[in-house]
Amino acid sequence: AQSVTQLGSHVSVSEGALVLLRCNYSSSVPPYLFWYVQYPNQGLQLLLKYTSAATLVKGINGFEAEFKKSETSFHLTKPSAHMSDAAEYFCAVSDQEGAQKLVFGQGTRLTINP
Amino acid sequence: GAGVSQTPSNKVTEKGKYVELRCDPISGHTALYWYRQSLGQGPEFLIYFQGTGAADDSGLPNDRFFAVRPEGSVSTLKIQRTERGDSAVYLCASSLTLLGQGAQTEAFFGQGTRLTVV
């Protein structure tokens with residue numbers, strides 16, 4: 001069975017500061033990993049995904065994530081936070097290449113302080 | 001349409017009643033997924049359709065939940081004898097799944113239907 005743990009249900013950073021959202025996964029097979037963002041009253045939007053092509057994955061809006069097999073981690077980072085980054089972020093894992101049957105973490109709410 | 005459309009956006013029903021939630025996927029998308037998101041939790045997989053057939057329904061919590069996609073496009077999630085614990089946001093997503101190109105697909109999510117059972 002697969003699972004995802006997101007460390008920190010709430011993260012608060014100042015505008016311009018580094019954003020780091022932590023995600024650790026458990027999978028018995030090589031995983032496919034995803035980060036989604038959910039803005040208020042909107043659907044989930046894919047930020048980026050890891051599908052074994054490269055361990056450092058770049059996504060939209062300046063976000064990137066690094067797959068570290070030895071640490072079973074897939075942390076999401078952004079060098080400089082913007083007010084518009086305030087949202088809920090979800091890490092997800094799948095044992096299939098496509099988006100079928102994603103297992104999501106509990107989410108991390110990111111707040112940006114001016 | 002331009003995106004995944006879910007109707008209604010909000011539904012309040014009494015305990016024990018039957019409800020139907022509708023999902024209109026992006027035109028041409030062959031794969032359709034239903035997820036349930038309880039307050040403060042991440043989405044939880046319910047069922048996945050490839051075309052008209054349910055390829056994986058292992059996430060449906062019990063036999064009160066049922067979903068159909070008769071023509072391979074619109075899908076309806078049906079909940080019988082609703083319980084207060086069914087209250088959640090029900091999310092639908094669709095993707096263009098191409099054989100051998102699964103890594104390139106992305107699931108597009110709708111805004112969800114907020115179901116409240118009172």
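Residue positions are given per chain, counting from 1 as you read along its sequence in written order. The order in which chains are written sets their letters, starting at A; the order in which ligands are written sets their numbers, starting at 1. Where totals are concerned, whole chains, interfaces and linings use all residues; where local detail is concerned, this predicted model gives features only for residues with pLDDT of at least 70, and gives and counts side-chain atom pairs only at 80 or more. With hydrogens and water set aside, each side-chain value is computed from the structure's full complement of heavy atoms.

(A) Seen up close, the nonpolar core. What we call a nonpolar core is a set of buried Ala, Val, Leu, Ile, Met, Phe, Trp, Tyr and Cys residues that are connected through their side-chain atoms within 4.5 Å. Partly exposed describes any residue whose relative accessible area lies between the buried limit of under 20% and the exposed limit of over 50%, with all areas from a 1.4 Å probe on protein chains only and scaled to the type maximum. Among the nonpolar cores identified, the biggest contains 27 residues, and Trp35(A), Leu48(A), Phe74(A), Leu76(A) and Tyr89(A) are the most heavily contacted of them. Looking at this core, the elements that each hand over two or more residues are strand S2 (10-14), strand S3 (19-26), strand S4 (32-38), strand S5 (44-50), strand S7 (64-68), strand S8 (73-78), strand S9 (87-94) and strand S11 (108-113) of chain A. The contact criterion used is simple: two residues touch if any of their non-hydrogen atoms lie within 4.5 Å. Leu48(A) has contacts with Leu33(A), Phe34(A), Trp35(A), Val57(A), Lys58(A), Gly59(A), Phe63(A), Glu64(A), Ala65(A), Phe74(A) and Leu76(A), leaving out every residue within four places of it along the chain. Counting residues in hydrophobic clusters, the runner-up holds 20 residues, among them Leu60(B), Leu77(B), Ile79(B) and Leu115(B). The helix and strand labels rest on DSSP assignments: H or I over at least four residues marks a helix, E over at least two residues marks a strand, and numbering proceeds from the N terminus.

(B) Expanded view of the sheet that holds S7(A). Residue and element names in this part refer to chain A. When DSSP locates at least two bridges between a pair of strands, those strands are taken to pair. Sheet architecture is open: five strands sit in the order S1-S3-S8-S7-S6, paired in antiparallel fashion. Every interior strand has two partners, whereas the edge strands, strand S1 (3-7) and strand S6 (56-58), have only one. Taking each pair of neighbouring strands and ignoring which way they run, the sheet shows an average axis angle of 20 degrees. For S1 and S3, the ladder comprises five bridges, and the chain directions are antiparallel. Paired with Leu7 across the two strands is Arg22, which belongs to S3. To obtain each axis, a line is fitted to C-alpha atoms, and for helices this fit is confined to the stretch in contact; angles are then taken between N-to-C directions over 0 to 180 degrees.

(C) The layout of surface pockets, seen in detail. Cavities and pockets are found on a 1 Å grid laid over the protein atoms alone: a cavity is a set of points where a 1.4 Å probe fits but cannot escape, a pocket is an open set with protein on both sides within 12 Å along at least five of seven lines, and a lining residue has an atom within 4 Å of such a point. Grid points are joined across faces, edges and corners, and a volume is the space filled by probe spheres set on the points. Volume-wise, the largest pocket comes out at about 770 Å³. Taken together, 28 residues line the largest pocket, and the ones lying closest to its centre are Gln38(A), Gln37(B), Leu39(B), Val89(B) and Arg114(B). If you list the elements that add at least two residues to the lining of the largest pocket, you get S9 of chain A together with strand S9 (88-95) and strand S11 (113-117) of chain B. When residues of the lining of the largest pocket are assigned to their parent elements, the largest contribution, four residues, is made by S11(B). Its residues placed into classes, the lining of the largest pocket shows seven nonpolar, 18 polar and three charged. There is about 150 Å³ of room inside the second largest pocket. Classification used: nonpolar for Ala, Val, Leu, Ile, Met, Phe, Trp, Tyr, Cys and Pro, charged for Asp, Glu, Lys and Arg, polar for all others including Gly.

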